[in-house]
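Understanding the architecture of this molecule
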Amino acid sequence: MAEQTESEKERVLIFDTTLRDGEQSPGATMSLSEKIEIAMLLDEMGVDIVEAGFPIASEGDFRAVAEISKLLENATVCGLARSSLADIDRAAEALKSARSRRIHTFISTSPLHMEFKLQMKPEEVIEAIHRSVQRARKYTDDVQWSPEDGTRTEHDFLCRAVETAIKAGARTINIPDTVGYTAPEESASIIRMLKERVPGIDRVVISTHCHNDLGMAVANSLAAVSAGARQIECTINGLGERAGNAALEEVVMAMRVRGDILPFRTFVNTKKILQASRLVSSATGFPVQYNKAIVGKNAFAHEAGIHQDGMLKHSSTYEIMRPEDVGIAESNLVLGKHSGRAALRAKLEQLGYNIGDNRLKVIFARFKDLADRKKEVFFEDLIALMQTTPRDADDAHLRIKSLCVACGSESPRRADIVLEVGGDELEATAQGDGPVDAAFNAINALFPHEAKLKLYQVQAVTEGTDAQATVSVRLEENGRMVVGQSSDTDTVYASAKAYVSALNNLVQRRTKSAPAAASASAG
Ligand code: KIV
Ligand code: ZN
């Protein structure tokens, strides 16, 4: 049978939960400004629904949902709520400025969860479903309901629960594989079973929400779509609780590349995928695995001689999609030290960054400095520059004025630092196990704090000994998590800058964040 044209294909809605389920990934906390930047990019990319947070969980989540609600122009903004009326009211409050808003309410339905987590009888759960969906409908027509641990729920009870939610007014029924337990055939059969058995199911959109504990989240989501689901819940880079959620870039590209057997379309502009991936990686400090499908550094690299030979003869021999379709610039070699500001702006635009004159000035200065030290600047270098240049560098509490380290086979390894702390220039010398440890100790001597170092990670941006290193640092203070990132051709300097950037974020969080509210969690 001939492949359908784009307009003949059925539409699948893309529901992004990077800012909610993604942020529940241990250590993936994002600041308000990072969440806003990600939400704006998702909106620009053509994602249909952005789940911006879980408003009752914390003041931070509430603010994120409220601010994102004011800003998104195309996507529906969604807030998560348990079945309690207080949760739903709080979500509605956070969403009140959204042009298009959705309340997503959920309750567990599996025997295990009902007995041990909720300690509720099935009848009580059915009542809670009815009450919560009805309450949400007071605020918006667009109500989504999810049976948490849906794939481990008894089918008769699942049908009853879904029917109750539909009768109470839910427009989207999402079936979560909360613990990443299902497999493609089962995922599809649950959707088919609901379509056959639940009265009114044809009036709602069926959605799928798969976790990746067995590495099958994307396959399970696509199987659900083949069986009739028309919304996929997913995250950029597959971020999410434990092993993560289905990766947005993978489900979208699978439907695009295999339109012959997955005849579905989305409105996602795939050329923005790489930018979104790098943005989320930089905001969370979670690096993208090199061989990650679609967005990994090696996803389009051809190392083996036989593959390279085939590629030179015809790219389709080993490439099933074009790198430029996911936002990887055609030529990796971008600019050199003689390139001017206009060329830099043009390359950044090619990569999806449209920046104002002030920011261009800052980025151009960093680019020139880099190009002086590194012969060739690649597109990965530009992405690293964009993502490790803070927007509000002028207000930074701490700033490194100079750093000099002594390292090698002989002790002591030492760091001499000049650091601006709240406008005062201070100097310190410290020793450590190595140059990075010494540099961090010198910073601590000038800016003592109680925060614990939770992650220190170095990644080379490109190949070669002159490559930039991107360093991620994560710190925790009284349950607050902050990240800092920086890049430089000097790994020790990049490390010190990343550490200082995390400390600056900590200073900001101390002043801005309100005490945490009710503790809430969802799968
Ligand atoms: O995994 C899960 O069950 C969830 C629900 C809140 C949809 O994230
Ligand atoms: Zn989940």
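Here the structure is shown first, and the text comes after it.
All of these numbers come straight from a predicted model, not from anything done at the bench. (Residues numbered from 1 in each chain as written. Chains lettered and ligands numbered in written order. Predicted model: local features only at pLDDT ≥ 70, side-chain atom pairs only at ≥ 80, totals over all residues. Heavy atoms only, no water.)

A few points about the overall build of the chain
Each helix and strand in the chain was counted, giving 16 helices and 18 strands. The C-alpha radius of gyration of the chain comes to 25 Å, within 12% of the 24 Å expected for a compact globule of 523 residues. Principal axes of the C-alpha set define a box for the chain whose edges measure 75 × 60 × 40 Å. Charge-centre separation for the chain: the mean point of 62 positive side chains lies 3 Å from the mean point of 73 negative side chains. (Helix = DSSP H or I, 4+ residues; strand = E, 2+ residues; numbered from the N terminus. Rg over C-alpha atoms; globule rule 2.2 N^0.38 Å. Lys, Arg positive; Asp, Glu negative; His and termini not counted. Charge placed at Lys NZ, Arg CZ, Asp CG, Glu CD.)

Focus: empty space enclosed by the protein
To find leftover empty space, one rolls a probe the size of a water molecule over the atoms. Enumeration according to the criterion identifies five cavities of 30 Å³ or more in this entry. If you add up the space inside the largest cavity, you get close to 390 Å³. If you trace the largest cavity, you find 22 residues lining it, with Arg278, Ser281, Gln459, Val461 and Thr470 closest to the centre. Those elements that place two or more of their residues in the lining of the largest cavity are α10 (273–284), α14 (379–388), β16 (452–460) and β17 (469–477). With five residues, the single largest contributor to the lining of the largest cavity is α14. Residue composition of the lining of the largest cavity, grouped by class: nine nonpolar, ten polar and three charged. (1 Å grid on protein atoms, 1.4 Å probe; cavity = no way out; pocket = protein on both sides within 12 Å on 5 of 7 lines; lining within 4 Å. Points joined across faces, edges and corners; volume = space filled by probe spheres on them. Nonpolar A, V, L, I, M, F, W, Y, C, P; charged D, E, K, R; others polar.)

A few points about the packing of aromatic side chains
Tallied over the full model, the rule gives four aromatic pairs. Ring geometry for Phe364 and Phe367: centres 6.1 Å apart, planes at 35°, overall tilted. Within this pair, Phe364 and its partner Phe367 are both found in helix α13 (residues 357–373), separated by three residues, close to a single helical turn. A residue is classified by how much of its surface remains accessible, and Phe367, at 0% relative accessible area, is buried. Ring centres 4.0 Å apart and planes at 5° place the aromatic pair Phe440 and Tyr499 in the stacked group. Taken together, the residues span a long stretch of sequence, with Phe440 in helix α15 (residues 435–446) and Tyr499 in helix α16 (residues 491–512) at a distance of 59 residues. Residue Phe440 is classed as buried on the basis of its relative accessible area, which comes to 8%. Pairwise contacts between aromatic rings join Phe440, Tyr456 and Tyr499 into one cluster. Against the face of Phe62 rests Arg90, its NZ or CZ located 3.7 Å from the ring centre. (Phe/Tyr/Trp six-rings, centres within 6.5 Å; stacked < 30°, edge-to-face > 60°. Buried < 20%, exposed > 50% of the residue type's maximum accessible area, 1.4 Å probe, protein only. Lys NZ or Arg CZ within 6 Å of the ring centre and 35° of its normal.)

Comments concerning a nonpolar patch on the surface
Taken together, Leu453, Tyr456 and Val458 make up a surface patch of nonpolar side chains, about 240 Å² in accessible area. Note that Val458 resides in strand β16. (Patch = residues over 30% accessible without salt bridge, like charges linked within 9 Å, V, L, I, M, F, W, Y side chains within 5 Å. Areas by Shrake-Rupley, 256 points an atom, 1.4 Å probe, with all protein chains shown as cover. Salt bridge = Lys/Arg side-chain N within 4 Å of Asp/Glu carboxyl O.)

A closer look at the side chain of His209
Along the chain, His209 falls in strand β8 (residues 205–210). With a relative accessible area of 4%, His209 lands in the buried category. In this structure the side chain of His209 is engaged in a polar contact, spanning 3.2 Å, whose partner is the side chain of His211. Of the polar contacts made by the side chain of His209, one reaches the side chain of Asn245; its length is 3.5 Å. (Polar contact = N/O pair within 3.5 Å; in protein donor to acceptor, adjacent residues only side chain to side chain.)

As for the environment of Leu403
Considering the arrangement of structural elements, one finds Leu403 in strand β13 (residues 398–406). Residue classification places Leu403 among the partly exposed positions, given a relative accessible area of 21%. In this structure, Leu403 is in contact with Ala415, Asp416, Ile417, Ala439, Val492, Tyr493 and Ala496, ignoring residues within four places of it in sequence. (Contact = heavy atoms within 4.5 Å.)

Re the sheet that holds strand β18 (residues 480–488)
Spatial strand order, β16-β17-β18: three strands in an open sheet with antiparallel pairing. Across the chains shown, the open sheet's two edge strands, defined by having one partner strand only, are β16 and β18. Strand-to-strand twist of the sheet, defined as the mean angle between neighbouring strand axes without regard to direction, takes the value 15°. The pairing of β16 with β17 spans eight bridges and is classified as antiparallel. Looking across to β17, one finds that Lys452 is bridged to Glu476. Packed onto the sheet, α14 meets β17 and β18 and runs at close to 140° relative to β18. (Pairing = 2+ DSSP bridges. Axes fitted to C-alpha atoms, helices over the stretch in contact; angles between N-to-C directions.)

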